[in-house]
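# Descriptive structure summary
So the chains spell out like this:
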Amino acid sequence: MMKKMSIPTSKTSLVLFLCQIISALEVPLDSKLLEELSQPPTITQQSPKDYIVDPRENIVIQCEAKGKPPPSFSWTRNGTHFDIDKDAQVTMKPNSGTLVINIMNGGKAEAYEGVYQCTARNERGAAISNNIVIRPSRSPLWTKEKLEPNHVREGDSLVLHCRPPVGLPPPIIFWMDNAFQRLPQSERVSQGLNGDLYFSNVQPEDTREDYICYARFNHTQTIQQKQPISVKVFSMDSLNDTIAANLSDTDIYGAKPVTERQPVLLTPTGSTSTKVELRGNVLLLECIAAGLPTPVIRWIKEGGELPANRTFFENFKKTLKIIDVSEADSGNYKCTARNTLGSVHHVISVTVKAAPYWITAPRNLVLSPGEDGTLICRANGNPKPSISWLANGVPIAIAPEDPSRKVDGDTIIFSHVQERSSAVYQCNASNEYGYLLANAFVNVLAEPPRILTPANKLYQVIADSPALLDCAYFGSPKPEIEWFKGVKGSILRGNEYVFHDNGTLEIPVAQKNSAGTYTCVARNELGKIQNEVHLEIKDPTMIIKQPEYKVIQRYGQASFECIIKHDSTLLPTVTWLKDNDELPDDERFLVGKDNLTIMNVTDKDDGTYTCIVNTTLDSVSASAVLTVVAAPPTPAIIYARPNPPFDLELTGQLERSVELSWIPGDENNSPITNFVIEYEDALHEPGVWHYQTEVPGTQTTVQLKLSPYVNYSFRVIAVNKIGRSQPSEPSEQYLTKSASPDENPANVQGIGSEPDNLVITWEPLKGFQSNGPGLQYKVSWRQKDVDDEWTSVIVANVSKYIVSGTPTFVPYEVKVQALNDLGYAPEPSEVIGHSGEDLPMVAPGNVQVHVINSTLAKVHWDPVPLKTVRGHLQGYKVYYWKVQSLSRRSRRHVEKKILTFRGNKTFGMLPGLEPYSSYKLNVRVVNGKGEGPASPDKVFKTPEGVPSSPSFLKITNPTLDSLTLEWGSPTHPNGVLTSYTLKFQPINNTHELGPLVEIRIPANESSLILKNLNYSTRYKFYFNAQTSVGSGSQITEEAVTIMDEAMASRQVDIATQGWFIGLMCAVALLILILLIVCFIRRNKGGKYPVKEKEDAHADPEIQPMKEDDGTFGEYSDAEDHKPLKKGSRTPSDRTVKKEDSDDSLVDYGEGVNGQFNEDGSFIGQYSGKKEKEPAEGNESSEAPSPVNAMNSFV
């Protein structure tokens, strides 16, 4: 098939034609040159050979061509001239050969069926299109038929026939129920290639009355429905129940159980069959078998292997699919259906034929008068195609004779051509399966030399690198090229230069002495021309200190150095990468001028860090590895990344979706939080995996959206808190069908880079976004607000197109549309762009300055006319600088400051001025190209201000009653100093301030002696300077007068006195004695008759300790007193409140010596009733528990 192109205008259309030239003359792609050259017609766009049209819409038969002069168009229909002027329903588009047949206003599409051919003609020849066969689409209704219900025994096979109506093109078949839900299919139940529904064996659940076959006719977007088919499956249990109801108990009854059966092929029938397929098509072979259990299908190629990467199994492996078949795929393909009872096989003999395809398509020839050339047309096919030639659309045998032309089979030989030899030749290669038609012109030109490289072009290269100096040229006959160095230099020759056929001069190793001016001279028999270019040699960029290998402990700091040396005229940029990718977006990564620092390094910072230095001419890099180490933690539970998922399976394959399922691997003690699904496109980017989606860790199936023309494989990665697992093994491949693009390129922009051009850029579609082969872009533009037609060009493998020769800074409408071999994407939206900007022409006028105060001024100016901006108005820049200080009358280095005011502002504030100074300023307008001329300098002065603080304040020579002060004048007086002010006040031992004293000092003084001060006193001083405007900021200092020696001798440190040392020793001895007494009392603790009470109420934290083993013991009375009764807790008034604590003092007798410690624990003596038991009075009742004794001490 001929490659489709769409270029409706001829202004820049020669670009595409000249890309095909392979003759002795190569024509550079220079737009100005191309507009001046004559060109025979070339067909750039035409409708497909087999053109099926919608009978409800107008028929558009495309035919676009280019040439110089523009060609005229004519048509034939069914081999005879088609006079469109005699048919009111047919029109031809202006400046085009495209026909529009009006069907929507009463025309009949059937009346225009036929074979159409377009001819484009100008004075240099005629090009013809393919034969375009026009046929209207047909979507006939289903023929009515009486469908009997299908009664089938469980386990038997069944075929439900669809038999769709014959449409144009053939319909797509699918089975659904009354609820418009697709019927589920499996290895047991599936749809064949002919649309029939096959059951390998029926089951009771197959019983239903709404098996409906649908036929979808995509061209007319209609769906036809067959009448519902009823299926009733009789199970063995129901048959047995029926028989039992009609037989007596003595009868022997019972239907046979479901019988297992060995496989039998339902389609194809017999043991062998044949299949013919054309080269490049998709080969589909099918085997569907009946049997119980359900048979499994396997495919092999006898005497060979199934082609890798092109073989796919569909319909539960019942269909073998081989894409892009070639003659090598011919052979015998064997399918085998097998279950537990046996097997059956079928052999399909496949023969691959081929419609004609190009080996060498004829290429356009551009020749000079008197030159020789050839047109070669070689094609192959099965059977071998025949080759025939036409000249300007007429068989060459009856075409006008040309003595320079000789036909030799698939070759035309031209000798000593003249300008009258220009013509368009057609090569037709045909066999029984199709034909190819190619146009190729012979264009004979006589042109004097032209040099297309811009004059005085500057080349900059790095020393010791190759230098390539361009001299793009054109002429017919082909000019000779010579190079000279310098104004009067001799012709360049020798091994140190390489002269390329395209005119380029190469200096393989450029040195410093290679710099200079070079002259290129082009001459042929029609003339001579020359051009100068300039070469500059730059020093190479080097990394003189490279980053070094680092081993850093976790949470430490890592630093890499990258110190560079470069040519002073080049501006380097330094970029850091981690593992060949951008640095993480993390504030821990600090990039300095010549280093990279990583704070608080973690394990994920492990990797290779690369420093890349780029200039406009060269690039260097250096890398170092960072290893993060840490002491291994004590192992307890081992947490690890999960194991990869496995057993990936694809089901429910549709054109735009598929279901993926998997089995998770071991989570390794950390729950799986989510699964990440990635895909590989083996068709466009084999070996590259892309992110598809992710699902929660509890999900093991996902419905995936797919794009057309992608050969998908999927893999799954499990993620837990520790990290990501290794990827799973890839799933089986699934190739989606091609389609026209769904979307157009994004981020379309039209921005001029030069004052006379428009650069159209866009983000190209990614491989899977192409939706099909042959991705190209139709770039269109026209000047806005001007009644111009769209100018378009089709390009491929680029993301930029430059339109030259535009006026400066005018708006353009721009759009970019994607297309592929299957058609165009939706109509793109238009974007407004502008051609290139130029520098502004005039400066702002009427610049005025209003001084607001000593540090602030306001500047005004008149805006420049917008037409003189010649670009996008960015704003205005005010340049201002200090000329001199009026107080010091000394000039210094002028440092210009710049303030930018965005938009169309006509005033601005100038802050941060220095008081009492003289300034100058000017204003410039700014656009996207740069700054315009400056306005005349405007002079203004700032008034006086308050001074800065004195430069220093120093206090020296302290005496009993005086201090000497010295100071320096302010660094910035900001006017004429009038005086200084000194304030001071005493500070006592509690840091309280005393009365403030103020002294005024003349401006010419720089020191002062303060007298009559108090001895041994701290003073605080405040010092500032004044101008006529006011006081400046103050500086503070503190100083102390010296002490009287008699007073100093009376002050003694108390810590060195003997009485104080003796007192502290006595206190320490007393504390030691108390500790010893307490220890003795603790070891003599008695036993108490409160054992059971302690058992019931004891706090485990304060139970006594057994003396013999240190364990918790019991309290006991020496006379074995019984514990107090529970009733003894009741007070004399016989009332007990539930809120009262069970641990009240009543529980422990009537003693009143008990008390509570600060923490709430009870301490003191326990006592019984002594009146009734005098014998107990000899025993001690004072011994406290050892714990309470300690609490008492504390």
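Notes on the structure follow. Note that the coordinates shown come from a computational prediction; the quantities given were computed from them, not determined experimentally.

## A word on the overall build of the protein
Within the protein, the regular secondary structure consists of eight helices and 87 strands. Expressed as a percentage of contacts within the protein between residues at least 6 apart in sequence, the contacts between residues at least 24 apart total 65%. For the protein, the computed accessible surface area is about 65800 Å², with 51% contributed by carbon and sulfur atoms.

## Topic: the state of the cysteines
Under the counting rule described, the total for this entry stands at six disulfides. With a sulfur-sulfur separation of 1.7 Å, cysteine 377 is cross-linked through a disulfide to cysteine 427. Disulfide cysteine 377 to cysteine 427: torsion about the S-S bond roughly -65°, handedness left-handed. In this pair, cysteine 377 is assigned in the loop between strand 30 (373–376) and strand 31 (378–382) and cysteine 427 in strand 36 (residues 423–431), connecting sequence segments 50 residues apart.

## Observations concerning the side chain of threonine 411
For threonine 411, the position within the fold is in strand 35 (residues 411–414). If we ignore the near neighbours within four places in the chain, the residues touching threonine 411 are Thr374, Leu375, Ile376, Arg378, Trp389 and Lys406.

## A short note on the pattern of salt bridges
A complete count under the given rule lists 34 salt bridges for this structure. Here aspartate 785 ties to lysine 784 by a salt bridge, and the two come within 3.4 Å at their closest N and O atoms. Here aspartate 838 makes a salt bridge to arginine 870, at a shortest N to O gap of 3.6 Å. Of this pair, aspartate 838 sits in the loop between strand 71 (831–834) and strand 72 (845–853) while arginine 870 sits in the loop between helix 4 (866–869) and strand 74 (873–885), placing them 32 residues apart in sequence. Looking at aspartate 838, the relative accessible area reads 21%, which means it is partly exposed.

## Looking at the environment of leucine 866
As for its position among the elements, leucine 866 is in helix 4. Judged by its relative accessible area of 61%, leucine 866 is exposed. In sequence terms leucine 866 and proline 840 are 26 residues apart; their C-alpha atoms lie 9.4 Å from each other.

## Considering the packing of aromatic side chains
Here the structure, examined in full by the defined rule, presents 21 aromatic pairs. With a centroid separation of 5.3 Å and an interplanar angle of 15°, the aromatic rings of tyrosine 980 and phenylalanine 1023 are classed as stacked. Here tyrosine 980 is found in strand 81 (residues 977–987), whereas its partner phenylalanine 1023 is found in strand 84 (residues 1018–1027), with 43 residues between them in sequence. Both residues of the pair, tyrosine 980 and phenylalanine 1023, belong to the buried class. Among the aromatic residues, those joined into a cluster by ring pairs are Phe174, Phe180 and Tyr214. Over the ring of tyrosine 211 we find arginine 208, and its NZ or CZ is 5.7 Å from the ring centre. The aromatic ring of tyrosine 357 is capped on one face by arginine 279, whose charged end is 3.5 Å from the ring centroid.

## Section: the nonpolar core
Judged by nonpolar contacts, the single largest core of 30 residues is most densely connected at Ile59, Ile61, Trp75, Ile101, Tyr116 and Ile134. Secondary-structure elements contributing two or more residues to this core are strand 2 (50–53), strand 3 (59–61), strand 4 (63–68), strand 5 (72–77), strand 8 (99–101), strand 9 (114–122) and strand 11 (132–136). A per-element tally of this core places strand 9 first, with three residues.

## A closer look at the pairing of strand 37 (residues 434–444)
Along strand 37, nine of the 11 residues are buried, which leaves the element largely enclosed by surrounding structure. Pairing analysis gives three bridges linking strand 29 (residues 365–367) to strand 37, with the strands arranged parallel. Bridging across to strand 37, leucine 365 finds its partner in valine 442. Relative to strand 37, strand 36 is paired through nine bridges, and the arrangement is antiparallel. Opposite glutamine 426, over in strand 37, you have asparagine 439 as the bridge partner.

What counts, and where the lines are drawn
- Residues numbered from 1 in each chain as written.
- Predicted model: local features only at pLDDT ≥ 70, side-chain atom pairs only at ≥ 80, totals over all residues.
- Heavy atoms only, no water.
- Helix = DSSP H or I, 4+ residues; strand = E, 2+ residues; numbered from the N terminus.
- Contact = heavy atoms within 4.5 Å.
- Areas by Shrake-Rupley, 256 points an atom, 1.4 Å probe, with all protein chains shown as cover.
- Disulfide = S-S within 2.5 Å.
- Salt bridge = Lys/Arg side-chain N within 4 Å of Asp/Glu carboxyl O.
- Buried < 20%, exposed > 50% of the residue type's maximum accessible area, 1.4 Å probe, protein only.
- Phe/Tyr/Trp six-rings, centres within 6.5 Å; stacked < 30°, edge-to-face > 60°.
- Lys NZ or Arg CZ within 6 Å of the ring centre and 35° of its normal.
- Core = buried A, V, L, I, M, F, W, Y, C linked by side-chain atoms within 4.5 Å.
- Pairing = 2+ DSSP bridges.

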